[in-house]
Amino acid sequence: MATQPAHLVHGMSTAMEAPIWPAITADEAEAVLARFPAAGRMTGLHWHSPRPFSAATLAHTTQGAFLVKRQHRSVRSLEGLAEEHAFIAHLAGKGVSVPEVITTSDGATAVASGAWSYELHRAAPGADLYRDSLSWTPFASYAHAHAAGVALANVHEA
C-alpha cells in the first residue's frame, strides 16, 4: 500500500500533488518566530498553504495568529521582499487594508536561513474564503468578483 504524503499542494491542473518545497515544520516556525520578538511564543501550527511555489503556515502564538512564509532565495531575495514590504507599507499608509508585515528587532521585514528567505505577516481579520482554492479558479459569486474589482481599484488609487 502506498503512503500518502502528509501535505499536498495545488498542481498545475485540479489535482493535488506532493509539494516541491517541504512544509514548514514546528521547529522551523519556532526558530523564525524567535527572530520577530513582537510575534511572541508559538503555541501551534494550524494550517499549511496548498500554494505550489512557496511554503506557508498559520502559526498561533501568545500574541495572535501569524502567517509564516518561506521561499527559496532564488525566488524571493531579502532585497526583493524588502521592496514588496515597502509597497505594502505604502498601501497601508494610503488606507488600503493589508496584513501587517512584522519586523525583527532591527527593523528588517524578512530574514534568511540557509537557502531560504522568510517573512512574517499578522493574520488578516475575517475569514479567508479562498485560502484553499486554486489561484486560477473563478470567484464563487458576482459579489466576490465585484469586491475584488473594488479592492484592485483602491490599490491603483493608492
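Rules and cut-offs
Residues numbered from 1 in each chain as written. Predicted model: local features only at pLDDT ≥ 70, side-chain atom pairs only at ≥ 80, totals over all residues. Heavy atoms only, no water. Helix = DSSP H or I, 4+ residues; strand = E, 2+ residues; numbered from the N terminus. Contact = heavy atoms within 4.5 Å. Phe/Tyr/Trp six-rings, centres within 6.5 Å; stacked < 30°, edge-to-face > 60°. Buried < 20%, exposed > 50% of the residue type's maximum accessible area, 1.4 Å probe, protein only. Lys NZ or Arg CZ within 6 Å of the ring centre and 35° of its normal. Salt bridge = Lys/Arg side-chain N within 4 Å of Asp/Glu carboxyl O. Core = buried A, V, L, I, M, F, W, Y, C linked by side-chain atoms within 4.5 Å. Pairing = 2+ DSSP bridges.

*Asks:* What is the right way to look at the environment of Val101 in this model?
*Replies:* When you line up the elements, Val101 lands in the loop between helix H2 (78–93) and strand E6 (110–113). Sequence-distant contacts of Val101, defined by excluding residues within four places in its chain, comprise His85, Ile88, Thr109, Leu120 and His121.

*Asks:* For this particular structure, what's the right way to read the packing of aromatic side chains?
*Replies:* Here the distance between the centres and the angle between the planes together describe a pair of aromatic rings. Counted according to the given criterion, the structure contains one aromatic pair. Ring geometry for Tyr130 versus Phe139: centroids 6.0 Å apart, planes at 85°, classification edge-to-face. Overall, Phe139 belongs to the partly exposed group, its relative accessible area being 45%. Positioned over the ring face of Trp116 is Arg70, at 4.4 Å from the centre of the ring.

*Asks:* Where do I start with the pattern of salt bridges in this structure?
*Replies:* Where charged atoms from two side chains of opposite charge come close, those side chains can pair. In the structure shown here, the tally under the stated rule is three salt bridges. Put simply, Glu84 and Arg76 hold a salt bridge, and the shortest N to O gap is 2.8 Å.

*Asks:* Explain the nonpolar core here, please?
*Replies:* Across soluble globular proteins, nonpolar side chains show a tendency to be buried alongside one another. By size, the foremost hydrophobic cluster in this structure holds 16 residues, and its most contacted members are Leu33, Phe36, Ala39, Val68, Tyr118 and Leu120. Elements that contribute at least two residues to this core include exactly helix H1 (26–33), strand E4 (55–61), strand E5 (64–72) and strand E7 (116–122). Not counting residues up to four positions away in its chain, the partners in contact with Leu33 are Ala39, Met42, Ala59, Thr61, Val68 and Leu120.

*Asks:* Where do I start with the pairing of E6 in this structure?
*Replies:* Both faces of the sheet carry side chains from a regular strand, because those side chains alternate between them. Pairing geometry for E6 and E7, over four bridges, is antiparallel. Bridge pairing in E7 links Ala110 to Glu119. Adjacent in sequence and paired antiparallel, E6 and E7 are bridged by two residues, among which Gly114 carries a positive phi angle near 60°.

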